[in-house]
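Understanding the architecture of this molecule
One-letter residues, chain by chain:
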Protein chains: 2
Amino acid sequence: MQKASITDIAEMTGLSITTVSRVLSGKAKQYRIGKQSQEKVREAAKKLHYVPNHFAANLRTGKSSTLALIIPSLNNPFFAGIASEINTELRKFNYITIISDSDENVEIEKMELLQMTARNIEGLIIVPCGDQWEHIKEIQDQGIPVVCIDRYFEDLDIPYISTDNYEGAYKATQYLIGNGHSRITCIQGVQTSTPNRLRVKGFTDAMKEAGHEDINIVGDDFTFQNGYLETKLLLQQKQRPTAIFTLSNTIAMGCMKALKEENIHVPNDISLITFDDHPYLDYLSTTLSCIAQPVSDISKIAVKFLLSKIQNKDINTSQVLLKPSMKLRDSIRKIN
Amino acid sequence: MQKASITDIAEMTGLSITTVSRVLSGKAKQYRIGKQSQEKVREAAKKLHYVPNHFAANLRTGKSSTLALIIPSLNNPFFAGIASEINTELRKFNYITIISDSDENVEIEKMELLQMTARNIEGLIIVPCGDQWEHIKEIQDQGIPVVCIDRYFEDLDIPYISTDNYEGAYKATQYLIGNGHSRITCIQGVQTSTPNRLRVKGFTDAMKEAGHEDINIVGDDFTFQNGYLETKLLLQQKQRPTAIFTLSNTIAMGCMKALKEENIHVPNDISLITFDDHPYLDYLSTTLSCIAQPVSDISKIAVKFLLSKIQNKDINTSQVLLKPSMKLRDSIRKIN
DNA sequence: CAATCTTGTACAAACGTTTGTGCAAATTTT
DNA sequence: AAAATTTGCACAAACGTTTGTACAAGATTG
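Let us look at the structure shown here. (Residues numbered from 1 in each chain as written. Chains lettered and ligands numbered in written order. Predicted model: local features only at pLDDT ≥ 70, side-chain atom pairs only at ≥ 80, totals over all residues. Heavy atoms only, no water.)

**Structural notes on the packing of aromatic side chains**
Put simply, the rule reads: Classification of ring pairs rests on two measures: the distance between centres of Phe, Tyr or Trp rings, Trp counted by its six-membered ring, which must be within 6.5 Å, and the angle between planes, read as stacked under 30 degrees, edge-to-face over 60 and tilted in between. Runs of E in the DSSP output that reach at least two residues are strands. Runs of H or I that reach at least four are helices, and both are numbered from the N terminus. Each residue is placed in one exposure class: buried if its accessible area under a 1.4 Å probe, protein chains only, is under 20% of its type's maximum, exposed if it is over 50%, and partly exposed if it falls in between. Whether a charge sits over a ring comes down to the Lys NZ or Arg CZ being within 6 Å of the ring centre and within 35 degrees of the ring normal.
With the rule as written, the count across this model stands at eleven aromatic pairs over all chains. Where Phe245 of chain B meets Phe275 of chain B, the ring centres are 6.4 Å apart and the plane angle is 20°; that geometry is what we call stacked. Of the two residues, Phe245 of chain B is situated in strand 8 (residues 243-246) and Phe275 of chain B in strand 9 (residues 271-275); the sequence distance between them amounts to 30 residues. The pair Phe245 of chain B / Phe275 of chain B is uniform in exposure class, with both members buried. Three or more aromatic residues link up through ring pairs in this structure, and these residues are Phe203, Phe245 and Phe275 of chain A. Over the aromatic face of Tyr31 of chain B sits the side chain of Arg22 of chain B, whose NZ or CZ is 3.6 Å from the ring centroid.

**Focus on the sheet that holds strand 11 (residues 319-322) of chain A**
All names here are of chain A. Quick note on the threshold: Being paired, for any two strands, means DSSP has found at least two bridges between them. Geometry is summarised by axes, namely lines fitted to C-alpha atoms with helices restricted to the contacting stretch, and by angles between N-to-C directions that run from 0 to 180 degrees.
One open sheet accounts for six strands, arranged 2-1-3-4-5-11; its pairing is parallel. The sheet terminates laterally at strand 2 (96-101) and strand 11, the two strands that pair on one side only. The sheet shows a mean angle of 15° between the axes of neighbouring strands, direction not considered. Strand direction decides the pairing type here: strand 4 (residues 146-149) and strand 5 (residues 160-163), joined by two bridges, are parallel. Looking at the pairing, Ile149 lines up with Ile161 of strand 5.

**A word on the pattern of salt bridges**
Operational definition: Here a salt bridge means any side-chain nitrogen of Lys or Arg lying within 4 Å of a carboxyl oxygen belonging to Asp or Glu.
Applying the stated criterion to the full structure yields 36 salt bridges over all chains. A salt bridge links Glu89 of chain B to Lys92 of chain B; its shortest N-O distance comes to 3.1 Å. For Glu89 of chain B, a relative accessible area of 12% gives the class buried. Exposure remark for Lys92 of chain B: the relative accessible area of 59% places this residue in the exposed category. Put simply, Asp164, Glu167, Lys171 and Lys323 of chain A are held in one network by salt bridges that share partners.

**Here's the deal with the nonpolar core**
The following threshold applies: In this text, buried Ala, Val, Leu, Ile, Met, Phe, Trp, Tyr and Cys residues form a nonpolar core when linked through side-chain atoms within 4.5 Å.
Counting residues in each nonpolar core, the largest one holds 80 residues, and the members touching the most others are Phe245 of chain A together with Phe245 of chain B. If you look at the next biggest cluster of nonpolar residues, it comprises 52 residues, including Phe78, Ile86 and Ala302 of chain A together with Val127 of chain B.

**Description of the protein's contact with DNA strand C**
To be explicit about the condition: Distances are taken per atom, and a residue is near a molecule or strand as soon as one of its heavy atoms is within 4 Å of it. Polar contact is the term for a pair of N or O atoms within 3.5 Å; when the atoms are in protein, one must be able to donate a hydrogen and the other to accept it, and sequence-neighboring residues count only if both atoms are side-chain atoms.
The environment of DNA strand C is formed by 28 residues, the closest being Ser21, Lys27 and Arg60 of chain A together with Tyr31 and Ser37 of chain B. For DNA strand C, the fraction of protein-proximal atoms (within 4 Å) that sit in sugar or phosphate groups is 49%. Tyr50 of chain A places a polar side-chain atom, nitrogen or oxygen, 2.8 Å from a phosphate oxygen of DNA strand C. Ser37 of chain B is positioned with one of its side-chain polar atoms (N or O) 2.6 Å from a phosphate oxygen of DNA strand C. Secondary-structure elements contributing two or more residues to the surface near DNA strand C are helix 2 (17-24) and helix 4 (54-61) of chain A together with helix 2 (17-24) and helix 4 (54-61) of chain B.

**Quick notes on unusual backbone geometry**
For the bond running from Val266 of chain A to Pro267 of chain A, omega is 0°, close enough to zero to count as cis. Assignment of secondary structure puts Pro267 of chain A in the loop between helix 11 (249-261) and strand 9 (271-275). Here Ser65 of chain A, not a glycine, exhibits a phi torsion of approximately 55°, which is positive. Following the sequence through the fold, Ser65 of chain A ends up in the loop between helix 4 and strand 1 (66-71). Of note in the backbone geometry, Asn263 of chain B takes a positive phi value of approximately 60° without being a glycine.

**Some remarks on the side chain of Ser100 of chain B**
Rule in force here: Note on contacts: a residue pair qualifies if any of its non-hydrogen atoms lie within 4.5 Å across the two residues.
When you line up the elements, Ser100 of chain B lands in strand 2 (residues 96-101). A distance of 2.9 Å separates the side chain of Ser100 of chain B from the side chain of Glu112 of chain B, its partner in a polar contact. Those residues in contact with Ser100 of chain B, other than ones at most four positions away along the chain, are Asn87 and Arg91 of chain A together with Leu69, Ile70, Ile71, Glu112 and Met116 of chain B.

**Here's the deal with the protein's contact with DNA strand D**
Near DNA strand D you find 27 residues, and of these Gly34 and Ser37 of chain A together with Ser21, Lys27 and Arg60 of chain B are the closest. Atoms of DNA strand D within 4 Å of the protein belong to the sugar or the phosphate in 50% of instances, the rest to bases. Here a phosphate oxygen of DNA strand D and a side-chain polar atom of Ser21 of chain B are 2.5 Å apart. Of all elements in the fold, only helix 2 and helix 4 of chain A together with helix 2 and helix 4 of chain B reach the threshold of two or more residues within the surface near DNA strand D.

**A look at the interface of chain A and chain B**
The line we're drawing: In short, buried area is how much 1.4 Å probe accessible area vanishes from two parts on joining, totalled over both. Following the grouping adopted for this structure description, the nonpolar residues are Ala, Val, Leu, Ile, Met, Phe, Trp, Tyr, Cys and Pro, the charged ones are Asp, Glu, Lys and Arg, and the polar ones are all others, Gly among them.
Every contact between the two is made by 53 residues of chain A and, on the other side, 54 residues of chain B. Regarding the contact of chain A and chain B, the summed buried area is about 5000 Å², with carbon and sulfur atoms giving 58% of it. For the chain A face of the interface with chain B, the top three residues by lost area are Phe55, Tyr280 and Tyr283 of chain A, together amounting to 19%. Linking chain A to chain B there are two salt bridges. In this structure, Glu112 of chain A engages Arg91 of chain B in a salt bridge whose closest nitrogen and oxygen atoms are separated by 2.9 Å. Taken together, the connections running from chain A to chain B amount to 18 residue pairs in polar contact (both at pLDDT 80 or more). Breaking the side of chain A that touches chain B down by element, the ones donating at least two residues are helix 4, helix 5 (77-91), strand 2, helix 6 (106-118) and helix 11 of chain A. Top contributing element to the side of chain A that touches chain B by residue count: helix 5 of chain A, with seven residues. Tallied by class, residues from the side of chain A that touches chain B come to 22 nonpolar, 23 polar and eight charged.

Listed below in structure tokens is the structure:
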């Protein structure tokens, strides 16, 4: 069974290619194609198992019905969740999503982006993995709508949707302080990323306001390894912190592994809070308190932004920060 | 900056479109294009920021450099892991992957498949979500290589790569039995899926061989909810099982939630083992024993299969089962 | 120096759509 | 019944590539 084309249908029905195309692309009324002809075309299409060739159509129209999503890692449940949401959301609007993970590597990110522009993507949702933005800006300058989520660039006119990272970190820190903690170590992620900067700032501000001048920030990557290593190092200090604040779920996992190896109990020996929620957090040996991001909302708004930009082409960039919520579980001990 | 086409390069260099195309598609030698011309073309391409239009190329060649991956849910870390592996693996071969999740819904699966064939995919890797295979077989009959992973259809000539589910379940059950358990409840997933059937069979066989005729199998879905509900029900029985065997990580999570709500401790009150591994399992209140599937190997072999099929077109279907490994943690108590 | 071979390049068709335009036939209006 | 309008459809160009073929100029051979 060879692939049937519009031409085959034209032959079968005795109508012209033009007419067939118009019926099949839903422009029958617009071009006043007769009811009977419409029927014939549709029937033949069904009979021949016609599937339109998007490549040909796109070549003609320049529209690919394809959107791109680039995230740092599908293996991170936080991003996988976003990917899933966006994927199903876009499907509703008849777009196909090509997802790709940059593996937290700017070079891969650039390569992927190139690949994707070669496929005439109509829009891009990206969680940029570094502090380089030129290649992303370039896409936007080519007239392709771009939305950053989670991580973004503050002073650029690229729209973004993210969590209010400052507030999240600020409140989490306040909460720790409220429970008597003053020696708190923050294990951060990629230093140049905006969310990380804001989280660190939130942490720092809260500490300073409480009069704690000894501010401890370590780490440099949103990875399991980073969390693991930094925690290992931490634990070798003569004076250990009473609480740890990890800036991502991956860091938290690495941290927990190290704690476990050193036989340190949460929250008795040390308190722990992290950015990012995950279902598993509820079942950990100590259920883990976290600052949860509104993943679903972020995804949906991102899609809405993108689609409206694709349709209207108005370039009023919007930048949105959603409120995080703090989920308190059992990983924080009141001391003093 | 408008998109530059091959024509622009032709004009800029004074060469013909043909020549430009041949240089850019790496067929310079084959068609004996002079060194100088090659240089000129490449230079101009760089200067114009030329990005080839895949749609046009594909229209001409019929090759899309696009492969499709359909999984039941990106939110399931097990599948997200597979997606990630396959994505990065395929990128190495210059293929783009379009991923989509069927949300465990056959109708969506069919729709997606249609969308994908419209995009001239060159191959398909799928974790089928139901017991319907006609639409998948049809793809293969159209000459598009297909590989099933994880879930598959036994008596069809569609190649598959999966875990030896029977053995995994058999050994896990044996292990439970070896630890003195006889009242074991198995919470299964989608009953019609092959892995589920084989896992159930492994469970049943092991039970029977041990002389335990009272075989308890409940549930009907690879979901959190199913695990939760079935566990809730289980716990209301007068005589509770001493061990639970969940057939997926999602089911396990639901199960754990129910156990926790009822204040039942693993492994003191009840033992637990599950199919599928996950990093978090190591940090749970009780670290969870599991039958781990060789995700990475499965993904890589699937890709290898697919690519060799695309290249050779030989249709000798291969069907591979990889050995699972049992990861023993602390969730199983020796009784009696 | 004619015949042959090699080298380097260009022409033009084709892939499957979409769409501006044109033009009969049917219908309505005058 | 002629003129004007509406209805229904087709022609042909275009999108950006790839590729079979053709062909001129230079190099090699006899």
